[in-house]
Amino acid sequence: FPSHDNCSFCFTGTQGLKRHLTSGEIVGQYLAVRNWLHQKDSRALTPSIVFMGQGEPLHNVDEVKKAIEVLNEPTFAGVGHRQMTLSTVGFLPGISRLKEFPRINLALSLHSPFEEERNKLIPVNAKYPITEVMKALDEVPLLPRQFITFEYLLVKDFNMTVRHADALQQLHVS
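Described in the following lines is the structure provided in the data block. Each chain has its residues counted from 1, running along the sequence as written. Under the rules for a predicted model, residues below a pLDDT of 70 receive no local features and side-chain atom pairs below 80 are neither given nor counted, while totals for whole chains, interfaces and linings still include all residues. Side-chain numbers come from the whole structure's heavy atoms, not from hydrogens or water.

**Observations regarding the overall build of the protein**
Logical step 1: Labels follow the DSSP assignment, with helices taken as runs of H or I lasting at least four residues and strands as runs of E lasting at least two, numbered in each case from the N terminus. In terms of regular secondary structure, the protein is built from six helices and four strands.
Logical step 2: Traced from its N-terminal end to its C-terminal end, the protein shows the element sequence α-β-α-β-α-β-α-α-β-α.
Logical step 3: A burial count over the protein gives 40% of its 174 residues as buried.
Logical step 4: Between two residues, a contact is recorded if the distance between any of their heavy atoms is within 4.5 Å. Put simply, of all contacts in the protein between residues at least 6 apart along the chain, 65% involve residues at least 24 apart.
Logical step 5: Of the roughly 10,100 Å² of accessible surface on the protein, a fraction of 57% belongs to carbon and sulfur atoms. Relative accessibility thresholds used throughout: buried, under 20% of the residue-type maximum; exposed, over 50%; partly exposed, between the two (1.4 Å probe, protein chains only). In these tables, accessible area is a Shrake-Rupley quantity obtained with a 1.4 Å probe, and a residue counts as shielded only by the protein chains included in the view.

Below is the structure:
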């Protein structure tokens, strides 16, 4: 696995971060995709959104929050809170600010229940260990039918053992 600060399994991490998107650019990307889909099929549903990739969304917390607020506005795009998911690797300063956000779904890139393995896959884990991330997720207010998804990339000969499954069972958000 690479020794840089980017997640080792993510191709976009190898490209390096040039800058963060503005809320207007984030909204613009969504509108471009939605318009393209509707041109292809006028019956197309309003597409869902996952904030992830090309950088940790919670490193750009203020702009992502603004984009969510704009997209959620019924008189504008009207994307419902259950149609939006924010994916994070566990950036604690951003997680602590999620209570300021409109309620949306969350996803945590977990990939291993073991700190030393997560450090290899997700270098920020060394600074914000999964045990602390799980505690912080306990504090995130969720609405009925709102949930946290745990993303787990299976890597052969790395994180696919019974030992991993047993340890995953011990991790929990209340």
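Let us keep going from here.
**Focus on empty space enclosed by the protein**
Logical step 1: Cavities and pockets are found on a 1 Å grid laid over the protein atoms alone: a cavity is a set of points where a 1.4 Å probe fits but cannot escape, a pocket is an open set with protein on both sides within 12 Å along at least five of seven lines, and a lining residue has an atom within 4 Å of such a point. Grid points are joined across faces, edges and corners, and a volume is the space filled by probe spheres set on the points. Within this structure, the stated rule accounts for one cavity of 30 Å³ or more.
Logical step 2: By volume, the largest cavity is sized at about 70 Å³.
Logical step 3: Leu98, Phe101, Pro102, Arg103, Ile104, Leu106, Val140, Pro141, Leu142 and Gln146 together form the lining of the largest cavity.
Logical step 4: Split by residue class, the lining of the largest cavity holds eight nonpolar, one polar and one charged. Classification convention: Asp, Glu, Lys, Arg as charged; Ala, Val, Leu, Ile, Met, Phe, Trp, Tyr, Cys, Pro as nonpolar; all other residues, Gly among them, as polar.

**Examining the nonpolar core**
Logical step 1: Among buried residues, those of type Ala, Val, Leu, Ile, Met, Phe, Trp, Tyr and Cys that are joined through side-chain atoms within 4.5 Å constitute a nonpolar core. Counting residues in each nonpolar core, the largest one holds 32 residues, and the members touching the most others are Phe51, Leu71, Leu86 and Leu137.
Logical step 2: Looking at this core, the elements with two or more residues in it are helix 1 (23-40), strand 1 (49-51), helix 2 (61-72), strand 2 (84-88), helix 3 (92-95), strand 3 (105-109) and helix 5 (130-138).
Logical step 3: If you tally residues by element for this core, the top one is helix 2, at five residues.
Logical step 4: With residues up to four places along the chain from it excluded, the contact list for Leu86 reads Phe51, Pro57, Leu58, Val64, Ile68, Phe101, Ile104, Asn105, Leu106 and Ala107.

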